[in-house]
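Spelled out, the chains give:
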Amino acid sequence: MTFQAIIPVGGYAGWKFLERTRDDQSQLMNKSPVLAREVKYFEEKIGSVKNAQDLIRDHTLLKVSLGAFGLSEDLPNKAFIRKVLEEGSAAEGAFANRLSDKRYFELTKAFGFDQQVPNTQKSSFAEQIVSAYQKQSFETAVGEQDQDMRLGLTVQRKLTEIASSDKSEKAKWFLVMGSPPLREVFETAFNLPKSFGTLDLDKQLEVFSEKAAKSFGSPDLSQFAGKEARDELIQKFLINAQIKQANQSFNAQSTALQLLQASSGRALLGF
């Protein structure tokens, strides 16, 4: 991608700058030659795709499709993606339904290759995927400058969608737990250790709910449908992420100093 996002400073100050300039930067990115060419190709060709194999064999169509769901890293994994797409989402035992990362479920549900007539034949399909691809492409460009900022954008987009849905609170939390970016945001905002993800899922749900109640006044994920709660979550995440990075940097410098002192001591002793 030739577009480079502008983020002059990190942390919450950088986030507020990004919020103010997001629309202008997004429009500039959408006009970049590479992205514009991919979008035009997708709009012209996706209607000819009738099954998973049709999609898999076209590099550009597959790139845009996977990119729309934040799965660009799976572009070389064609056999895996084909299995996800061919089995669809309707059957309880479908491959995508068994994966913890729910982006694959969203991908295969969107394309609907397990239906008699796939969604690629709908007139509105190209517009939906292109819009998602453009948003994800901007998030990727931001992530190349600052990964924490990218996660903040994911909160605005994906968490809003989940929190506003009519699913149960338990189902909403499980969707968050099945989204690697959202999980990272909540774990960092709540200062949870790396080992947290190894706990039983019901226990994780209990902890997330308790932490949410303590930090935001309610255990319900629905509260993040509101901008105020989302902004507070992003702020907590960015501040804790900066503290974590500072501690890691300090520990690395401290370790290097200890090694240097030990080396100097051995030299003085003639070792």
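The rules behind each value
- Residues numbered from 1 in each chain as written.
- Predicted model: local features only at pLDDT ≥ 70, side-chain atom pairs only at ≥ 80, totals over all residues.
- Heavy atoms only, no water.
- Axes fitted to C-alpha atoms, helices over the stretch in contact; angles between N-to-C directions.
- Helix = DSSP H or I, 4+ residues; strand = E, 2+ residues; numbered from the N terminus.
- Parallel < 35°, antiparallel > 145°, perpendicular 65-115°, else oblique.
- Left-handed = near helix turned anticlockwise from the far one by under 90°.
- Contact = heavy atoms within 4.5 Å.
- Nonpolar A, V, L, I, M, F, W, Y, C, P; charged D, E, K, R; others polar.
- 1 Å grid on protein atoms, 1.4 Å probe; cavity = no way out; pocket = protein on both sides within 12 Å on 5 of 7 lines; lining within 4 Å.
- Points joined across faces, edges and corners; volume = space filled by probe spheres on them.
- Salt bridge = Lys/Arg side-chain N within 4 Å of Asp/Glu carboxyl O.
- Buried < 20%, exposed > 50% of the residue type's maximum accessible area, 1.4 Å probe, protein only.

What follows deals with the packing of helix H2 (residues 33-45) against helix H8 (residues 125-145). Where H2 meets H8, the closest approach of the two axes is 10 Å, and the angle between their N-to-C directions is 160°. Relative to H8, the element H2 is oriented roughly antiparallel. Taken as a pair, H2 and H8 cross one another with a handedness that is right-handed. Residues Leu-35, Glu-38, Val-39, Phe-42 and Glu-43 of H2 touch H8, and the partners they reach there are Phe-125, Ala-126, Ile-129, Val-130, Tyr-133, Gln-134 and Ser-137. Here the contact of H2 with H8 is built from residues that sort into eight nonpolar, two polar and two charged.

Let us look at the layout of surface pockets. The calculated volume of the largest pocket comes to roughly 1,500 Å³. Phe-69, Arg-103, Glu-106, Gln-136 and Arg-157 are, among the 50 residues lining the largest pocket, the residues nearest its centre. Sorting the residues of the lining of the largest pocket by element identifies H2, helix H4 (59-67), helix H7 (103-111), H8, helix H9 (147-163), helix H10 (169-177) and helix H11 (180-189) as the ones contributing at least two each. Considering every element that reaches the lining of the largest pocket, the biggest residue donor is H8, with 11 residues. Residues belonging to the lining of the largest pocket are distributed by class as follows: 19 nonpolar, 14 polar and 17 charged. In this structure, the second largest pocket is lined by 14 residues; those nearest its centre are Glu-187, Thr-188, Leu-192, Asn-240 and Lys-244.

Moving on, we come to the pattern of salt bridges. For the structure shown, the criterion picks out 13 salt bridges. Lys-158 is the salt-bridge partner of Glu-106, the closest N and O atoms lying 2.6 Å from each other. Within this pair, whereas Glu-106 is found in helix H7, its partner Lys-158 is found in helix H9, the two being separated by 52 residues in sequence. Lys-158 gets classed as buried once you look at its relative accessible area, which sits at 10%. Measuring nitrogen to oxygen at the nearest pair gives 3.6 Å for the salt bridge that ties Glu-206 to Lys-203. Taken together, the residues Glu-206 and Lys-203, both in helix H12 (residues 201-216) and three residues apart, mark about one turn of the helix. Glu-206 gets classed as partly exposed once you look at its relative accessible area, which sits at 37%.

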